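# A closer look at the structure
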Amino acid sequence: MSQTQNYEIILKRIAKNIRKVRKQKGLTQESMADHGFNYRHYQKIESGSYSMNLYTLHRLAKIFNTNVKNLLE
């Protein structure tokens, strides 16, 4: 398996974790606009097609009242 494939797998796993936590908090993708996210941009995050930076992960963790570690596991 190539490094690119491994990276894509990790992105998908993080995206799945973010989607799961968002749903647990009773939020929709659309409601993430209330927290400063563009709807289309947020969709890319949850689809795993966008590689977000640490600041974005930190913002999401604060919105979801969790920590970055929970989004990465």
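Let me begin by describing the structure that accompanies this report. (Residues numbered from 1 in each chain as written. Predicted model: local features only at pLDDT ≥ 70, side-chain atom pairs only at ≥ 80, totals over all residues. Heavy atoms only, no water.)

### Here we look at the overall build of the chain
Heads up, the rule is: A run of DSSP states H or I qualifies as a helix once it reaches four residues; a run of E qualifies as a strand once it reaches two. Both are numbered from the N-terminal end. C-alpha atoms define the radius of gyration, and 2.2 Å times the number of residues to the power 0.38 defines the globule rule. Only protein chains enter the accessibility calculation, which uses a 1.4 Å probe. A residue is then buried if its area is under 20% of the maximum for its type, exposed if over 50%, and partly exposed in between. Accessible surface area values rest on a Shrake-Rupley calculation with a 1.4 Å probe, where residue burial reflects the displayed protein chains alone. His residues and chain termini do not enter the charge count, which takes Lys and Arg as positive and Asp and Glu as negative. To locate a charge, take NZ of a lysine, CZ of an arginine, CG of an aspartate or CD of a glutamate.
Looking only at helices and strands, the chain features four helices and zero strands. Secondary structure elements in the chain, listed N-terminal to C-terminal, are α-α-α-α. At 12 Å, the chain has a C-alpha radius of gyration in line with the 11 Å of a compact globule built from 73 residues. Along the first, second and third principal axes, the C-alpha atoms of the chain reach 40 × 25 × 20 Å. Classification of the 73 residues of the chain by burial places 32% in the buried group. For the chain, the computed accessible surface area is about 4,900 Å², with 50% contributed by carbon and sulfur atoms. Across the chain, the mean location of the 13 positive side-chain charges is 3 Å away from that of the 5 negative side-chain charges.

### Regarding the nonpolar core
Put simply, the rule is: Definition of nonpolar core: a set of buried residues of the types Ala, Val, Leu, Ile, Met, Phe, Trp, Tyr and Cys, connected through side-chain atoms within 4.5 Å. Whether two residues touch is decided by their heavy atoms; if any such pair falls within 4.5 Å, the residues are in contact.
With 14 residues, the main nonpolar core has Ile18, Tyr42, Leu60, Phe64 and Leu71 as its most contacted residues. Ignoring any residue separated from it by four or fewer positions in sequence, one finds isoleucine 18 in contact with Tyr42, Ile45, Glu46, Met52, Leu57, Leu60, Phe64 and Leu71.

### A closer look at the pattern of salt bridges
Filter applied, for reference: Take a side-chain nitrogen of Lys or Arg and a carboxyl oxygen of Asp or Glu: if they are within 4 Å of each other, that pair is a salt bridge.
Inspection of the entire model under this criterion finds two salt bridges. Between glutamate 46 and arginine 22 there is a salt bridge, and its shortest N-O distance comes to 2.5 Å. Here the residue glutamate 46 occupies a position in helix H2 (residues 39–47), and arginine 22 occupies one in helix H1 (residues 3–24), the gap between them amounting to 24 residues. Glutamate 46 gets classed as buried once you look at its relative accessible area, which sits at 2%. Measuring nitrogen to oxygen at the nearest pair gives 3.9 Å for the salt bridge that ties glutamate 73 to lysine 69. Neither glutamate 73 nor lysine 69 differs from the other in exposure class; each is exposed.

### Looking at unusual backbone geometry
Positive phi, normally seen in glycine, also occurs at asparagine 65, with a value near 55°. Summarising the element assignment, asparagine 65 is placed in the loop between helix H3 (54–63) and helix H4 (68–72).

### Things to note about the packing of aromatic side chains
Put simply, the rule reads: Side-chain rings of Phe, Tyr and Trp (the six-membered ring for Trp) are treated as a pair once their centres are within 6.5 Å; stacked means planes under 30 degrees apart, edge-to-face means over 60, and tilted covers the remaining angles. Should the NZ of a Lys or the CZ of an Arg lie within 6 Å of a ring centre and within 35 degrees of the ring normal, that charge is described as sitting over the ring.
Under the definition given, this model contains one aromatic pair. Arranged with centres 5.7 Å apart and planes meeting at 70°, the rings of phenylalanine 37 and tyrosine 42 form a pair that is edge-to-face. In this arrangement the basic side chain of arginine 59 is found over the ring face of phenylalanine 37, its NZ or CZ atom lying 4.1 Å from the centre.

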